[in-house]
Every structure is written in structure tokens, then in C-alpha cells.
Amino acid sequence: MPAQINRILLLFTAFIGLFLVVRHFLIPETFGQYGHYRGASLDDISSREMVFADKEDCFACHDDIMEILENEMHAGLSCLICHGPGREHVDDPQLGNINKESGREFCGRCHDIHPSRPLDVVNQVDIKTHHTEKTNCIECHNPHALWEGME
Amino acid sequence: MEDHYQHLYEMLSQVEGYIYPNEIELQWGILIVLYPYLTGLVAGAFILASLERVFKIKVLGPTYQLALITALSFLIVAPFTLISHLGQPLRAYEIMITPNGTSAMAIFGFIYLWYLLAVLNLEIWLDYRRDFVIWAKEKKGFMRGVYKVLSLGTSDISPKAVKLDDRLGYIITVIGIPSAFLLHGYVGFIFGSIKANPWWSTVLMPVIFIFSAMVSGIALIMILYMVVSFLRKVKIDMACLDTIAKYLFYMLILDFTLESLDQVHRIYEAEESFDILNVLVNGRLNITLFIFQIFSGMIIPLIGIGAIQLFKVREQVRKIIYLLTGVMVLVGIFFMRWNVVIGGQLFSKGFHGFTNFKLGLVGSEGLFMAIMWMVLPFVILAFLLWLLPPWKKEEAA
Amino acid sequence: MAAAGTLVLSSVSRPFNVLLMASDPPPEEGPWWGIAIDITTCIGCGMCARACKMENDVPDEPFYFRTWVEQYTVLNNGEVKIESPNGGIDGFKSSVPEEEIFKTFFVPKMCNHCSKSPCTQVCPVGATFESPDGVALVDEKYCIGCGYCVQACPYGCRYLHPEKKVADKCTLCYHRLKNGLAPACMEVCPSKARIYGNLRDRDSEIVRFLKEHDYQVLKPHLNTGSKLYYNGLTAEIS
């Protein structure tokens, strides 16, 4: 074989061989287990820490409030909406380590009068004018039992 | 990080209409404008070289090696623009080891390597092998070693062996032409295959990219040939230069036709995206599109070189026109890439608004970085011209 | 010698195994997750967008969202006004006088978890993919951060994470799903405007919802195989 073809073939074979070997060692272990991706990444993603607690957990200790809420207009609302993620509280229940959001701005996110907000889904008031004699909504409406003490 | 957010808040204040919140930040900046620009120059320069080799247009002889070496210098730099824009540049090797069969971008590594190693390097090597052997004999010391290594230890320069080199080189050039088309056509396909983006998504995109690549590559070689001749203080071969200009003229016409066809089609069909593209083209893109890309990058060069085809023009004037139109074409094609890459990200994929793009000076996506990547190929070119001087070759012959 | 031989052989054959597997249809057993969003019951409280950022380490800046809420206002003169101040995280204030409004509603947006997803199609390295249960995910240890998937998503649901420098998107709270919990955005939705469920289970909430409502997907002409079904989608929405 002529020298130049010889050299070219030699170089290319060496290059391709080297590439295949390097490639073999670089491909991650679980690549291709389920499809063209790293199979282990499914575990990586599903083993992330959860931030929001499971609301069923609240039931174990606060069944009284769950029961009240169940028969209330706020029945569809998860505890976590107003009480925040609550992960820390579930792990170590204490007074003060969980949010208790209330106030005109907060309740207003759902209840402030807004043209795009369907009235048949949520009742709305103008939070700037609705019973301004008290500042916080929860001074009149118990957030769990909304009409409690009012007739 | 703070700077980054600062920049984004500034862009947020310039948003027009409504865009999806994640679209405020442009993912692809000037480096991705450079990438198709550089590969385009490569493909174009190579096609010019193969005109001489395969299509036997012998007047182009003086630019054959120059075109090949230019293609090589730009090809070496091209992937760096891609890699340096990545969020995780160190993981770039993954594209070679687990390329995703359904991704247009995944093929990049292979086409690139194929083109670099199997086409360009091989063709240049075969073309210079005989000279390596001769130079290794002539030179002394270190340079002798370098040329020895470059000749890969071959020493046979009998007419029979040289004829084989020539034969092989010819075959490789024949393979090289579709490879060059592939190299740049696939870059067009990267954009043309994104159905989410109506500014990109057109079947003509790869074809337009190929022709604009040829335009820019030919213009580059035309200028380089004049500059290199000037620096070497040798007389420019006017027959060669005129022929290059003639091919530039043909390619410009083809490119212009294709791009117009694309736009006419878009305007006539006026699909749902038409309204927003209309505003885009007449608003944020009007200067880069109408002035730089179409007017000074296409129409003026067409008139300039066209006039030379029709009328007898003095040599000195011809040279000046070639130089000017060459630069204008290069700038025009750069802005063509700009309008595709940046323009395609300025409007919302919801078709209700625009974000803005501001080129930063520093940083990995900044202007200085871009200038560096643009200058580097010329440095490599200078080095390669010193190492593999095409004119020494002629003397040896 | 033999060892080197098998090494090279397996290196050659492995990618083909991968290709074959990738073209397999999704397994017939196991869940196949889908989402339904009811525009007619969304009250635009923005709790979903807020919870999503808390749950998933999404940067607080208003340029990165896995889910957000848009407010559409169709005026009497036919003009469409769309807003999403900070993705709706801080709630919405009405901005147009009532008498000019023809129609107005909220549209929550999130990843469509398409079954023919254009984003996973273009990933050059196989760092983003559809999981066997139909969730489009990103492998953040493998993503090279090229941004191609962000370009390919027609719904604007992806972004490059500014700190991790990789693509990031809705995972349908995969870590919660796998533990039998609802995704954070669904958990905090007060009006059941967001529903998720197993599309293969004929008794699941989502299948019942789809039976009872006239649903549609976003940008159906793009044929993305979207698994996010909207009730109450109107012509203005894109």
C-alpha cells in the first residue's frame, strides 16, 4: 500500500479506536436504561426534599380544625395556602414556626373585587371599603369558621 | 449574578406588549450569531477552492491554497463560540458520546470532526505532502523536525506518488463539496426545524444558509487575496480576481432570490405570526435588516459588481469596488445571521409582544469576547500562511 | 486483547441499544400523567405561582417561572390586553375600567408535558427527556446549558437557571408525585382550577373532568401532543 494511504488509515483507525474507548468510559452508568437519558436522573429528581408538607399530616394533630373546616365555605382550601409550606412545623411542632397569613391584602388576593374573577366561584368584597372599622379580616371572620359568631 | 439581574430588570422595562415571563432573557447572544457566520465563511471558502479543483476553473489557481487554509483557520475557531456560550462548557464532550438522534444540534460534533479531519486537513495535507518532504530537507533545526512530523514520515516524492496525492485530493474535494453543504445546511436546519418559532421555521432556511455562506466565503477570499498580495507586494492576478467577483455576483443573485422568495412567501401566506413579524421587521430589526443586510449587504454589491460585468472599468477602480463591496457583503451577511438569531428571539412565541436585546461589552457573551473570536481566525491564518506558504510552493514547483 | 475487543464492541453497540429503546412506545402499565386547567374557575390568586417558586428553588426574580398566571382582558373594541405582573405571584389588580371590558379571565400557564415534546426532541445530549410516566424532565447533572430546548418550547415554559446554568422547567413536582402527593401548585389551588391525574386510570379525577368538559390544548396546530387540557380556552389565548 502506498505510504500516504497507509499513514492516513493508521491515524484514522487510531483516532476512532481512541474515541470509542474514551467514549465507553465516559458514558454514565445508567444511560439508556429507560431511554436516551441517564436512568439515575429519575431517582435524583424524585428524591428531592419536599418543601410543602403533606396536608394529611396536619390531620393527625389538628383534627379539630380539619373538622370545622370541612363543613365551611373554606372547605376547598388547603391548610398550606394560609399556613405556608409548614415543613419545619410538621417536623417539630411548636407555636410560632408556621405562617399564619391574614390581613386585607392576603384575603384580598382571592376576595378583592376584580372583573376577571368569576363571582360564582368566589364571593368578593371591595377590601378597601368592606367593614373598614376593623383592620384585619380575621377580627370578624374566623378563617376556619367564617361566619362563626356572626349572624 | 446581581449584574445579570440588573440587566434583566432593564430589559423588563423595555418590554413591549406581553411576552411570556421566561422570554425576557435572550438565550442566544452574539456568540451564536458568530457561529453560523464563521462556519458560513468556512463552507464558502471551501466551495471556492473546489471550483478550482473539481470544476477545473484554473484561473482561480492563485487562491486555491489560500481558500483552504482560510477555511481551516475559521473552522478551528467556530466550535469555541458554541462551547463558550454553554452554561456548562465542561460538559460539551457529552455531545460526542451520547448524541441524541432526534436533535439537529447533536450531529454537530460528527459533521464538524468529519469536515475538519477527513476533508479539510486531509486535503491540505495531500496538497502539501510533497512540499513538507522538500521543506524538511531544506530547513534546519527545529523547523526541519516540524515539517518531518507534518509529512508523517512519508518521503516518497516520485511523480507517481505525487500523482496519487493529487488523485486522492481530488476524490476528497468531491466528497468535500456535499460535506461543506452539510456543514452549513445543518446549521440552517438548527434554526429551520424549530416549529415554535415562525421567524426561523422555514424549509428554505438551510438552503438560504448555504447560499449566504458561499456569498460570505467568496467575499472573504476575495478580500484576503487582495490584502495578502498587497502585504507581499506582489501583483494581483486580475483574471483571478475578476473571476472570483463574477462568482460572488452569481451567488449574490441566487442568495437574493432565495431570501426574497422566503419573504414573499411569508407575506403572501400571512399566517397567524405575520402581524408580529411585520412589526418586528419594521421596528426592532429595520436598521439591521433593511439597511445592513439588504441595502448595503446585497443591493449595493449587486449593482457594484454587476456594473463591472456590463461595462469596461479600469483596473484600479475595479479593485476599489471589489474591496468595498467585499466588506459590505461580509457586514451584510453578519447582519443576516444577526437578524435570524437575535431577531428570532425578540418577539414572544405567544405573538403578543417584544423583548429587547442589548449587547454587553464584557462578559462571556459580550462584544469584546465576540471580537476576540472574530480576530483569532486571522491570527491562526497568519500563522498557517507562515507555516504553509502557498507562494513558496510555487517556487518549489 | 479479548477485553479490548469487547470494550470496543460494546462501545459501538451501546448507542444502538439506546436508539432502539428510545423509539419504544410508552409502557402500557403505570401512570401516564396529565393536567387539566379550568379557566372558568381560576380566581387569579397567584398562590400556584408562589408555591411553585417556594417548592422548587426557582429564583425569585421575575424572569424565571415554572408556572405563572396571565390575565386576559378583551376590550369592547376587540383589543386584547394581556398582563402577568411578576407572573401573578403578588395577585392581580384590575387595570381597565369595567365598562370597556368585553370579556376577561385568568389563564394559568405551566409546562404542557407534551408527549411529542419539541423540547426533548432537540436536546443534543439526552439531558432532557420524557419520563416513562409522561413527565418532561431535565437532568441537571447532565445538561450542558445550550438553551436549544428553551428555543424549542412553543409555550415559553423553560428558562436557563441563572445559578445552576442548566435548563430548568416544571417537573410536575415529580418528587411529590412519586410520594403520592399533589404538585405544590395543585395543592394550594383554592378553586380546583388545576387538576392532575393519571390519564390511564378511567376513574381518576382528571379523566372525569375531561369527560364532563369541552377541553382544548394550546397551539394544537403545532402537534406537540400536549397533555395540558384547558377548559374554557378562547380564541384570544396563545
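How each quantity is defined
- Residues numbered from 1 in each chain as written.
- Chains lettered and ligands numbered in written order.
- Predicted model: local features only at pLDDT ≥ 70, side-chain atom pairs only at ≥ 80, totals over all residues.
- Heavy atoms only, no water.
- Contact = heavy atoms within 4.5 Å.
- Buried area = accessible area lost by both parts, 1.4 Å probe.
- Salt bridge = Lys/Arg side-chain N within 4 Å of Asp/Glu carboxyl O.
- Polar contact = N/O pair within 3.5 Å; in protein donor to acceptor, adjacent residues only side chain to side chain.
- Helix = DSSP H or I, 4+ residues; strand = E, 2+ residues; numbered from the N terminus.
- Nonpolar A, V, L, I, M, F, W, Y, C, P; charged D, E, K, R; others polar.
- Domains from an automatic or database assignment.
- Expected span 1.5 Å × (residues − 1).
- Buried < 20%, exposed > 50% of the residue type's maximum accessible area, 1.4 Å probe, protein only.
- Patch = residues over 30% accessible without salt bridge, like charges linked within 9 Å, V, L, I, M, F, W, Y side chains within 5 Å.
- Areas by Shrake-Rupley, 256 points an atom, 1.4 Å probe, with all protein chains shown as cover.
- Lys, Arg positive; Asp, Glu negative; His and termini not counted.
- Charge placed at Lys NZ, Arg CZ, Asp CG, Glu CD.
- Core = buried A, V, L, I, M, F, W, Y, C linked by side-chain atoms within 4.5 Å.
- Pairing = 2+ DSSP bridges.
- Axes fitted to C-alpha atoms, helices over the stretch in contact; angles between N-to-C directions.

A.B. asks: Pulling in residues and values, what's your account of the interface of chain C and chain B?
C.D. replies: Contacts between the two partners involve 53 residues from chain C, matched on the other side by 44 residues from chain B. Summed over both partners, the interface of chain C with chain B buries about 4,000 Å², with 54% contributed by carbon and sulfur atoms. Here chain C is connected to chain B by zero salt bridges. At the junction of chain C with chain B, the criterion picks out 34 residue pairs in polar contact (both at pLDDT 80 or more). Going through the elements one at a time, strand 2 (67–75), strand 3 (80–83), helix 3 (118–122), helix 4 (148–152) and strand 7 (159–160) of chain C are the ones with two or more residues in the side of chain C that touches chain B. Of the residues contributing to the side of chain C that touches chain B, the split by class is 29 nonpolar, 12 polar and 12 charged.

A.B. asks: For the domain arrangement of chain A, give the residues involved together with the corresponding values.
C.D. replies: All names here are of chain A. You can read the domains of chain A as domain 1 (3–46), domain 2 (50–97) and domain 3 (101–151). Spacing between the C-alpha centres of domain 2 and domain 3 amounts to 20 Å. Counting residues at the interface gives nine residues for domain 2, matched by eight residues for domain 3. With both chains or domains summed, domain 2 and domain 3 bury close to 780 Å², and 58% of this area falls on carbon and sulfur atoms. The interface formed by domain 2 and domain 3 contains zero salt bridges. Between domain 2 and domain 3 we count three residue pairs in polar contact (both at pLDDT 80 or more) in total. Of all elements in the fold, only helix 4 (63–70) and helix 5 (79–83) reach the threshold of two or more residues within the side of domain 2 that touches domain 3. Grouping the amino acids of the side of domain 2 that touches domain 3 by side-chain chemistry returns six nonpolar, two polar and one charged.

A.B. asks: Explain the side chain of B:Glu23 to me, and be specific about the residues and the numbers.
C.D. replies: All names here are of chain B. Along the chain, the position of Glu23 falls in the loop between strand 1 (16–17) and helix 2 (30–53). At a separation of 3.0 Å, a polar atom in the side chain of Glu23 contacts the main-chain amide nitrogen of Lys349. Leave out the neighbours within four places in its chain, and Glu23 touches Ser348, Lys349 and Thr355.

A.B. asks: Outline helix 3 (residues 64–85) of chain B, listing residues and values.
C.D. replies: It helps to recall that an α-helix has 3.6 residues per turn; residues three or four apart then point in one direction. Between its terminal C-alpha atoms helix 3 of chain B stretches 33 Å, which fits the 32 Å expected from 22 residues at 1.5 Å a residue. With 19 of 22 residues buried, helix 3 of chain B is to be regarded as a mostly interior element.

A.B. asks: Help me get a handle on the pattern of salt bridges, residues and values and all.
C.D. replies: For the structure on display, the rule yields 22 salt bridges over all chains. Where B:Glu10 meets B:Lys358, a salt bridge forms, and the shortest distance between an N and an O atom there is 3.1 Å. Of this pair, B:Glu10 sits in helix 1 (residues 2–13) while B:Lys358 sits in the loop between strand 2 (353–354) and helix 14 (367–387); the two residues are 348 residues apart in sequence, bridging distant segments of the chain. Put simply, B:Asp166 and B:Arg53 hold a salt bridge, and the shortest N to O gap is 3.1 Å. Within this pair, whereas B:Asp166 is found in helix 7 (residues 159–192), its partner B:Arg53 is found in helix 2, the two being separated by 113 residues in sequence. With a relative accessible area of 9%, B:Arg53 lands in the buried category. Each of A:Arg38, A:Asp44, C:Asp139 and C:Lys141 takes part in a single network of salt bridges with overlapping partners.

A.B. asks: I'd like to hear about a positive patch on the surface, residue by residue, with values.
C.D. replies: Taken together, the side chains of B:Lys137, B:Lys140, B:Arg144 and B:Lys148 present a region of like positive charge at the surface. Along the chain, B:Arg144 turns up in helix 6 (residues 141–150).

A.B. asks: Provide a residue-level description of the nonpolar core, including the pertinent values.
C.D. replies: Core analysis: the biggest nonpolar cluster contains 156 residues, and B:Trp28, B:Tyr115, B:Leu120, B:Phe191 and C:Tyr148 have the highest contact counts within it. In terms of residue count, the dominant contributor to this core is helix 8 (residues 204–232) of chain B (19 residues). Excluding anything up to four places from it in sequence, B:Phe191 contacts B:Trp28, B:Ile32, B:Pro36, B:Trp200, B:Ser201, B:Met205, B:Phe209, B:Val340 and B:Val341.

A.B. asks: Can you break down the sheet that holds strand 9 (residues 194–198) of chain C residue by residue, with the values?
C.D. replies: Residues and elements named next belong to chain C. Read across the sheet, four strands follow the order 9-1-11-10 without closing on themselves; strand pairing throughout is mixed. The sheet is open, and its two edges are formed by strand 9 and strand 10 (215–216), each paired on a single side. Here strand 10 runs beside strand 11 (residues 228–231); their pairing, made up of two bridges, is antiparallel. Residue Gln216 lies in a different strand from strand 11, and its bridge partner there is Tyr230. Where helix 7 (residues 205–212) meets the sheet, its contacts fall on strand 1 (33–38), strand 9, strand 10 and strand 11, and the angle it forms with strand 9 comes to roughly 115°.

A.B. asks: Give me the domain arrangement of chain B: which residues, what numbers.
C.D. replies: All names here are of chain B. For chain B, the assigned domains are domain 1 (11–25 + 242–357) and domain 2 (27–193 + 360–397). Between domain 1 and domain 2, the contact holds 15 residues from the first and 19 residues from the second. Of the roughly 1,400 Å² buried where domain 1 meets domain 2, counting both sides, 75% is carbon and sulfur surface. When the buried surface of domain 1 facing domain 2 is broken down by residue, Phe334, Arg337 and Val341 rank first, second and third, together holding 35% of it. Seen at the junction of domain 1 and domain 2, the total is zero salt bridges. On the surface where domain 1 and domain 2 come into contact, there are four residue pairs in polar contact (both at pLDDT 80 or more). Mapped onto the side of domain 1 that touches domain 2, the elements with two or more residues apiece are helix 9 (238–269) and helix 12 (315–341). A total of seven residues in the side of domain 1 that touches domain 2 trace back to one element, the largest contributor, which is helix 12. Of the residues in the side of domain 1 that touches domain 2, the class split is 10 nonpolar, three polar and two charged.

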